[in-house]
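Structural overview
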Amino acid sequence: MLAKKLGRRKLLASAATVTAVSAIGAPALAQQRRELVVGTFGGLFEKVLRDSIIPDFERQHNATVKLELGIGTTFIPRIVASPRRAPYDVVYVNDDEAILGEDAGLWLPDQSSKLPSLSRAYDSLRPPALPLYGSTIYEFVLVYNPVKLAAPTSWGDLWRPGLAVGVPHISNSYGLTFLMIAAQMNGGSETNFNPGFDALKRLQNMKIYRGVTQGYTMLQQGEVDAALFYYHRAITLIDQGVRVAIARPREGTWGQRTGCQIPRGASNPELALAWTETTLQTKYQEAFAQQLYSPGNRDTKIDAELAKKHIYGPDAVNAIKSPPWRVLNPQRDALLGRWNREFAS
(Lines give C-alpha, C1' and ligand atoms only; values in the text may rest on other atoms or scores of the structure.)
Protein backbone atom coordinates (compact mmCIF):
# COMPACT_ATOMS: atom_id res chain seq x y z
CA MET A 1 0.00 0.00 0.00
CA LEU A 2 1.01 3.64 -0.43
CA ALA A 3 2.33 4.38 3.06
CA LYS A 4 4.39 1.18 3.16
CA LYS A 5 5.69 1.78 -0.35
CA LEU A 6 6.81 5.26 0.58
CA GLY A 7 8.58 3.89 3.64
CA ARG A 8 10.55 1.45 1.50
CA ARG A 9 11.52 4.20 -0.93
CA LYS A 10 12.43 6.80 1.67
CA LEU A 11 16.19 6.20 1.53
CA LEU A 12 16.17 6.22 -2.25
CA ALA A 13 14.23 9.48 -2.41
CA SER A 14 16.33 11.10 0.29
CA ALA A 15 19.52 10.18 -1.52
CA ALA A 16 18.44 11.91 -4.72
CA THR A 17 20.56 14.85 -5.76
CA VAL A 18 19.13 18.18 -4.61
CA THR A 19 19.15 20.67 -7.46
CA ALA A 20 20.47 24.06 -6.45
CA VAL A 21 17.78 26.71 -6.46
CA SER A 22 18.59 30.30 -7.32
CA ALA A 23 16.60 33.55 -7.37
CA ILE A 24 13.09 33.61 -8.78
CA GLY A 25 13.32 36.78 -10.85
CA ALA A 26 11.98 36.86 -14.39
CA PRO A 27 15.30 37.98 -15.97
CA ALA A 28 17.00 34.70 -15.00
CA LEU A 29 14.15 32.73 -16.54
CA ALA A 30 13.83 34.81 -19.69
CA GLN A 31 16.94 33.39 -21.38
CA GLN A 32 14.91 30.62 -22.97
CA ARG A 33 11.31 29.44 -22.92
CA ARG A 34 11.01 26.53 -20.54
CA GLU A 35 8.20 24.17 -19.65
CA LEU A 36 6.80 24.02 -16.13
CA VAL A 37 4.93 20.82 -15.31
CA VAL A 38 2.34 21.38 -12.59
CA GLY A 39 0.49 18.52 -10.91
CA THR A 40 -2.87 19.99 -9.94
CA PHE A 41 -6.59 19.38 -9.51
CA GLY A 42 -9.14 19.30 -12.30
CA GLY A 43 -12.58 20.81 -12.58
CA LEU A 44 -13.17 24.36 -11.43
CA PHE A 45 -9.68 24.56 -9.91
CA GLU A 46 -8.12 23.89 -13.31
CA LYS A 47 -10.43 26.42 -14.97
CA VAL A 48 -9.34 29.22 -12.63
CA LEU A 49 -5.69 28.39 -13.31
CA ARG A 50 -6.15 28.42 -17.09
CA ASP A 51 -8.35 31.52 -17.22
CA SER A 52 -6.84 33.74 -14.53
CA ILE A 53 -3.32 32.58 -13.61
CA ILE A 54 -1.46 30.81 -16.40
CA PRO A 55 -1.58 33.49 -19.14
CA ASP A 56 0.10 36.15 -16.97
CA PHE A 57 2.58 33.68 -15.53
CA GLU A 58 3.66 32.49 -18.98
CA ARG A 59 4.18 36.04 -20.20
CA GLN A 60 6.03 37.16 -17.10
CA HIS A 61 8.39 34.18 -16.99
CA ASN A 62 8.67 33.31 -20.71
CA ALA A 63 7.40 29.86 -19.87
CA THR A 64 4.91 27.26 -20.97
CA VAL A 65 2.80 25.76 -18.18
CA LYS A 66 1.70 22.17 -18.63
CA LEU A 67 -0.97 20.91 -16.24
CA GLU A 68 -1.07 17.26 -15.19
CA LEU A 69 -4.40 16.61 -13.49
CA GLY A 70 -4.89 14.37 -10.49
CA ILE A 71 -4.67 14.49 -6.70
CA GLY A 72 -1.86 14.11 -4.20
CA THR A 73 -2.29 10.37 -3.88
CA THR A 74 -1.75 10.00 -7.62
CA PHE A 75 1.14 12.48 -7.80
CA ILE A 76 3.15 11.02 -4.92
CA PRO A 77 3.53 7.43 -6.26
CA ARG A 78 4.80 8.82 -9.57
CA ILE A 79 7.37 10.95 -7.75
CA VAL A 80 8.42 7.94 -5.68
CA ALA A 81 8.92 5.95 -8.87
CA SER A 82 11.19 8.62 -10.42
CA PRO A 83 13.10 10.26 -7.56
CA ARG A 84 16.00 11.58 -9.68
CA ARG A 85 13.85 13.18 -12.35
CA ALA A 86 10.39 13.93 -11.01
CA PRO A 87 7.47 13.92 -13.46
CA TYR A 88 6.39 17.31 -12.05
CA ASP A 89 8.18 20.53 -11.22
CA VAL A 90 5.59 21.48 -8.62
CA VAL A 91 2.57 19.66 -7.17
CA TYR A 92 -0.54 20.68 -5.26
CA VAL A 93 -0.97 18.60 -2.12
CA ASN A 94 -3.17 18.58 0.96
CA ASP A 95 -1.70 18.68 4.45
CA ASP A 96 -1.79 14.90 4.99
CA GLU A 97 -0.13 14.28 1.61
CA ALA A 98 2.53 16.91 2.26
CA ILE A 99 3.48 15.13 5.49
CA LEU A 100 3.48 11.77 3.72
CA GLY A 101 5.85 13.17 1.08
CA GLU A 102 8.09 14.74 3.71
CA ASP A 103 8.39 11.46 5.57
CA ALA A 104 9.44 9.80 2.30
CA GLY A 105 12.04 12.50 1.57
CA LEU A 106 10.33 13.63 -1.63
CA TRP A 107 10.50 17.42 -1.27
CA LEU A 108 13.24 19.98 -1.65
CA PRO A 109 14.47 21.31 1.70
CA ASP A 110 12.42 24.17 3.12
CA GLN A 111 12.32 27.00 0.54
CA SER A 112 10.53 29.52 2.75
CA SER A 113 13.34 32.06 2.59
CA LYS A 114 12.95 32.23 -1.21
CA LEU A 115 9.19 32.89 -1.09
CA PRO A 116 8.57 36.51 -0.03
CA SER A 117 4.78 36.23 0.06
CA LEU A 118 4.88 33.24 2.40
CA SER A 119 5.37 35.61 5.33
CA ARG A 120 1.75 36.76 4.84
CA ALA A 121 0.32 33.24 5.05
CA TYR A 122 -1.34 32.09 8.24
CA ASP A 123 1.09 30.21 10.45
CA SER A 124 -0.89 26.97 10.09
CA LEU A 125 -0.38 27.03 6.30
CA ARG A 126 3.42 27.10 6.17
CA PRO A 127 6.55 25.54 7.61
CA PRO A 128 7.22 24.54 10.30
CA ALA A 129 3.54 23.82 10.99
CA LEU A 130 3.22 21.96 7.68
CA PRO A 131 5.68 20.91 4.98
CA LEU A 132 3.85 22.85 2.26
CA TYR A 133 3.42 26.43 1.07
CA GLY A 134 -0.28 26.89 1.69
CA SER A 135 -2.63 28.95 -0.43
CA THR A 136 -6.06 27.56 0.45
CA ILE A 137 -7.91 26.44 3.56
CA TYR A 138 -11.01 24.25 3.66
CA GLU A 139 -13.46 23.44 6.43
CA PHE A 140 -15.57 20.31 6.92
CA VAL A 141 -18.96 21.25 8.34
CA LEU A 142 -22.18 19.40 9.10
CA VAL A 143 -24.44 19.92 6.09
CA TYR A 144 -28.08 18.93 6.61
CA ASN A 145 -31.62 19.11 5.30
CA PRO A 146 -33.44 21.36 7.81
CA VAL A 147 -36.72 19.54 7.16
CA LYS A 148 -35.23 16.20 8.21
CA LEU A 149 -32.87 17.40 10.94
CA ALA A 150 -33.65 20.44 13.07
CA ALA A 151 -30.71 22.61 14.15
CA PRO A 152 -28.04 20.01 14.97
CA THR A 153 -25.60 21.10 17.68
CA SER A 154 -23.38 18.02 17.85
CA TRP A 155 -21.84 15.55 15.46
CA GLY A 156 -23.73 13.02 17.53
CA ASP A 157 -26.99 14.32 16.02
CA LEU A 158 -26.15 12.36 12.89
CA TRP A 159 -27.16 9.27 14.85
CA ARG A 160 -30.75 10.44 15.30
CA PRO A 161 -33.28 7.84 14.11
CA GLY A 162 -34.62 7.99 10.58
CA LEU A 163 -31.74 9.87 8.92
CA ALA A 164 -29.94 8.94 5.73
CA VAL A 165 -26.36 9.96 6.57
CA GLY A 166 -23.66 10.56 3.99
CA VAL A 167 -20.36 9.09 5.15
CA PRO A 168 -17.18 9.85 3.17
CA HIS A 169 -15.03 6.88 2.22
CA ILE A 170 -11.79 6.77 4.20
CA SER A 171 -9.68 6.64 1.06
CA ASN A 172 -10.27 10.41 1.24
CA SER A 173 -8.67 12.45 4.01
CA TYR A 174 -12.03 13.90 5.07
CA GLY A 175 -13.38 10.34 5.33
CA LEU A 176 -10.63 9.39 7.74
CA THR A 177 -11.35 12.63 9.59
CA PHE A 178 -15.00 11.64 10.01
CA LEU A 179 -14.05 8.17 11.25
CA MET A 180 -11.77 9.85 13.81
CA ILE A 181 -14.62 12.12 14.92
CA ALA A 182 -16.91 9.10 15.33
CA ALA A 183 -14.22 7.37 17.39
CA GLN A 184 -13.65 10.40 19.62
CA MET A 185 -17.38 10.87 20.17
CA ASN A 186 -17.64 7.31 21.45
CA GLY A 187 -14.67 6.96 23.76
CA GLY A 188 -11.98 6.27 21.16
CA SER A 189 -9.16 8.42 19.82
CA GLU A 190 -6.83 8.93 16.86
CA THR A 191 -5.09 5.72 17.91
CA ASN A 192 -8.21 3.73 18.82
CA PHE A 193 -10.69 3.58 15.96
CA ASN A 194 -12.71 0.61 17.21
CA PRO A 195 -15.47 2.84 18.67
CA GLY A 196 -15.61 4.72 15.39
CA PHE A 197 -16.21 1.60 13.31
CA ASP A 198 -18.82 0.45 15.82
CA ALA A 199 -20.53 3.85 15.70
CA LEU A 200 -20.79 3.83 11.91
CA LYS A 201 -22.41 0.41 12.05
CA ARG A 202 -25.08 1.90 14.31
CA LEU A 203 -26.14 4.41 11.67
CA GLN A 204 -29.56 3.27 10.48
CA ASN A 205 -29.08 4.35 6.88
CA MET A 206 -25.45 5.01 6.00
CA LYS A 207 -24.67 6.02 2.44
CA ILE A 208 -20.96 6.03 1.62
CA TYR A 209 -19.78 8.58 -0.91
CA ARG A 210 -16.40 8.04 -2.58
CA GLY A 211 -15.59 11.58 -3.63
CA VAL A 212 -16.75 15.16 -3.53
CA THR A 213 -18.74 14.87 -6.75
CA GLN A 214 -20.71 11.88 -5.51
CA GLY A 215 -21.36 13.51 -2.14
CA TYR A 216 -22.45 16.71 -3.85
CA THR A 217 -24.91 14.81 -6.03
CA MET A 218 -26.35 12.92 -3.05
CA LEU A 219 -27.02 16.16 -1.19
CA GLN A 220 -28.31 17.90 -4.30
CA GLN A 221 -30.78 15.13 -5.07
CA GLY A 222 -31.89 14.61 -1.47
CA GLU A 223 -30.46 11.09 -1.21
CA VAL A 224 -28.87 11.95 2.12
CA ASP A 225 -30.24 14.08 4.93
CA ALA A 226 -26.93 15.08 6.50
CA ALA A 227 -23.20 14.61 6.07
CA LEU A 228 -19.77 15.93 6.85
CA PHE A 229 -18.96 17.96 3.74
CA TYR A 230 -16.86 20.82 2.42
CA TYR A 231 -18.12 24.23 3.55
CA HIS A 232 -17.56 25.92 0.19
CA ARG A 233 -19.40 23.13 -1.65
CA ALA A 234 -22.31 23.49 0.76
CA ILE A 235 -22.43 27.23 0.00
CA THR A 236 -22.66 26.40 -3.69
CA LEU A 237 -25.58 24.06 -3.02
CA ILE A 238 -27.36 26.78 -1.05
CA ASP A 239 -26.73 29.31 -3.83
CA GLN A 240 -28.32 26.85 -6.26
CA GLY A 241 -31.44 26.71 -4.13
CA VAL A 242 -30.89 23.22 -2.75
CA ARG A 243 -32.58 22.78 0.63
CA VAL A 244 -29.56 22.36 2.87
CA ALA A 245 -28.15 24.29 5.82
CA ILE A 246 -24.81 24.42 7.61
CA ALA A 247 -23.98 23.69 11.24
CA ARG A 248 -20.75 23.86 13.20
CA PRO A 249 -21.15 21.36 16.04
CA ARG A 250 -20.03 22.23 19.56
CA GLU A 251 -17.21 19.67 19.33
CA GLY A 252 -15.69 21.84 16.62
CA THR A 253 -14.90 21.43 12.95
CA TRP A 254 -11.84 20.05 11.26
CA GLY A 255 -10.28 21.22 8.04
CA GLN A 256 -7.75 20.75 5.31
CA ARG A 257 -4.93 22.95 4.09
CA THR A 258 -3.75 22.87 0.51
CA GLY A 259 -0.71 24.30 -1.19
CA CYS A 260 2.32 23.56 -3.32
CA GLN A 261 5.45 21.52 -2.89
CA ILE A 262 8.53 21.10 -5.07
CA PRO A 263 9.91 17.59 -5.62
CA ARG A 264 13.63 17.02 -5.17
CA GLY A 265 13.94 15.84 -8.75
CA ALA A 266 12.16 18.81 -10.36
CA SER A 267 13.60 19.71 -13.76
CA ASN A 268 12.96 23.45 -13.34
CA PRO A 269 13.18 24.30 -9.63
CA GLU A 270 13.62 28.04 -10.30
CA LEU A 271 10.41 28.14 -12.30
CA ALA A 272 8.70 25.96 -9.68
CA LEU A 273 9.63 28.53 -7.03
CA ALA A 274 8.22 31.29 -9.22
CA TRP A 275 4.95 29.41 -9.57
CA THR A 276 4.78 28.72 -5.84
CA GLU A 277 5.42 32.39 -5.06
CA THR A 278 2.58 33.29 -7.45
CA THR A 279 0.16 31.00 -5.59
CA LEU A 280 0.96 32.80 -2.33
CA GLN A 281 0.18 36.27 -3.65
CA THR A 282 -3.10 38.09 -3.14
CA LYS A 283 -3.89 38.42 -6.85
CA TYR A 284 -3.87 34.63 -7.24
CA GLN A 285 -5.91 34.06 -4.10
CA GLU A 286 -8.44 36.76 -4.96
CA ALA A 287 -9.08 34.98 -8.27
CA PHE A 288 -9.73 31.72 -6.46
CA ALA A 289 -11.81 33.46 -3.79
CA GLN A 290 -14.37 34.33 -6.48
CA GLN A 291 -14.98 30.57 -6.73
CA LEU A 292 -15.21 30.12 -2.93
CA TYR A 293 -11.67 28.83 -2.33
CA SER A 294 -10.77 30.48 0.98
CA PRO A 295 -7.43 32.33 0.95
CA GLY A 296 -4.38 31.50 3.03
CA ASN A 297 -2.79 34.94 2.59
CA ARG A 298 -4.04 37.19 5.37
CA ASP A 299 -3.84 40.28 3.11
CA THR A 300 -6.29 38.94 0.53
CA LYS A 301 -9.19 41.33 0.07
CA ILE A 302 -12.73 40.02 -0.36
CA ASP A 303 -15.85 42.15 -0.39
CA ALA A 304 -18.12 41.91 2.63
CA GLU A 305 -20.86 39.81 1.02
CA LEU A 306 -18.44 37.31 -0.48
CA ALA A 307 -16.47 37.14 2.77
CA LYS A 308 -19.56 35.70 4.48
CA LYS A 309 -19.13 32.63 2.28
CA HIS A 310 -15.49 32.13 3.21
CA ILE A 311 -13.24 31.03 6.02
CA TYR A 312 -11.93 34.55 6.27
CA GLY A 313 -9.72 36.17 8.86
CA PRO A 314 -7.51 34.80 11.65
CA ASP A 315 -10.34 33.95 14.05
CA ALA A 316 -12.12 31.80 11.48
CA VAL A 317 -8.92 30.14 10.30
CA ASN A 318 -7.63 29.42 13.80
CA ALA A 319 -10.95 27.94 14.91
CA ILE A 320 -10.59 25.03 12.47
CA LYS A 321 -8.93 21.95 13.90
CA SER A 322 -6.28 20.06 11.97
CA PRO A 323 -6.28 16.24 12.15
CA PRO A 324 -3.06 14.79 13.62
CA TRP A 325 -1.78 13.46 10.32
CA ARG A 326 1.60 12.37 11.66
CA VAL A 327 -0.33 9.97 13.88
CA LEU A 328 -2.99 9.03 11.32
CA ASN A 329 -0.88 8.48 8.20
CA PRO A 330 0.94 5.34 9.45
CA GLN A 331 -2.43 3.73 10.21
CA ARG A 332 -4.08 4.40 6.85
CA ASP A 333 -3.37 1.11 5.13
CA ALA A 334 -4.61 -0.98 8.06
CA LEU A 335 -7.70 1.18 8.50
CA LEU A 336 -8.53 1.07 4.79
CA GLY A 337 -8.17 -2.71 4.80
CA ARG A 338 -10.54 -3.00 7.76
CA TRP A 339 -12.99 -0.56 6.13
CA ASN A 340 -13.06 -2.62 2.94
CA ARG A 341 -13.76 -5.78 4.91
CA GLU A 342 -16.45 -4.35 7.16
CA PHE A 343 -18.23 -2.04 4.69
CA ALA A 344 -17.69 -3.95 1.47
CA SER A 345 -21.40 -4.05 0.71
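Note: the structure precedes this text.
This structure is a prediction, so every number in the text was calculated from the model and none was measured.

About the cut-offs
Every chain is numbered on its own, with residues counted from 1 as its sequence reads. Restriction of local features to residues with pLDDT of at least 70 applies here, the model being predicted, together with a cutoff of 80 or more for giving and counting side-chain atom pairs; totals for whole chains, interfaces and linings are based on all residues. With hydrogens and water stripped out, all remaining heavy atoms of the structure feed into the side-chain values. Two rings belonging to Phe, Tyr or Trp (six-membered ring only in the last case) form a pair when the distance between their centres is within 6.5 Å. Interplanar angles under 30 degrees mark stacking, angles over 60 mark edge-to-face geometry, and anything in between is tilted. Numbering of helices and strands runs from the N terminus; a helix is a DSSP stretch of H or I covering at least four residues, while a strand is a stretch of E covering at least two. Buried, partly exposed and exposed residues are distinguished by accessible area as a fraction of the type maximum, computed with a 1.4 Å probe on protein chains only: under 20%, between the cut-offs, and over 50%, respectively. Remark: a charge is flagged as sitting over a ring if the NZ atom of Lys or the CZ atom of Arg is within 6 Å of the ring centre and within 35 degrees of the ring normal.

**Section: the packing of aromatic side chains**
Tallying each qualifying case throughout the model produces 19 aromatic pairs. Where Tyr-138 meets Tyr-293, the ring centres are 6.3 Å apart and the plane angle is 85 degrees; that geometry is what we call edge-to-face. Linking Tyr-138 in strand S4 (residues 133–144) with Tyr-293 in the loop between helix H11 (282–289) and strand S10 (294–295), this pair joins segments that are 155 residues apart in sequence. This pair shows no difference in class: Tyr-138 is buried, exactly as Tyr-293 is. Between Phe-197 and Phe-343 the ring centres are 6.2 Å apart and the planes differ by 10 degrees, which places this aromatic pair in the stacked class. Of this pair, Phe-197 sits in helix H7 (residues 194–201) while Phe-343 is found in the segment after helix H15 (332–342), placing the two residues 146 residues apart along the sequence. We classify Phe-197 as buried; its relative accessible area is 0%. Here Phe-343 falls in the buried class, since its relative accessible area comes to 12%. Every member of this aromatic cluster is reached through a ring pair, and the members are Phe-41, Phe-45, Tyr-92, Tyr-138, Phe-140, Tyr-174, Tyr-209, Phe-229, Tyr-230, Tyr-284, Phe-288 and Tyr-293. Lying across the ring of Tyr-231, Arg-248 places its NZ or CZ 4.8 Å from the centre.

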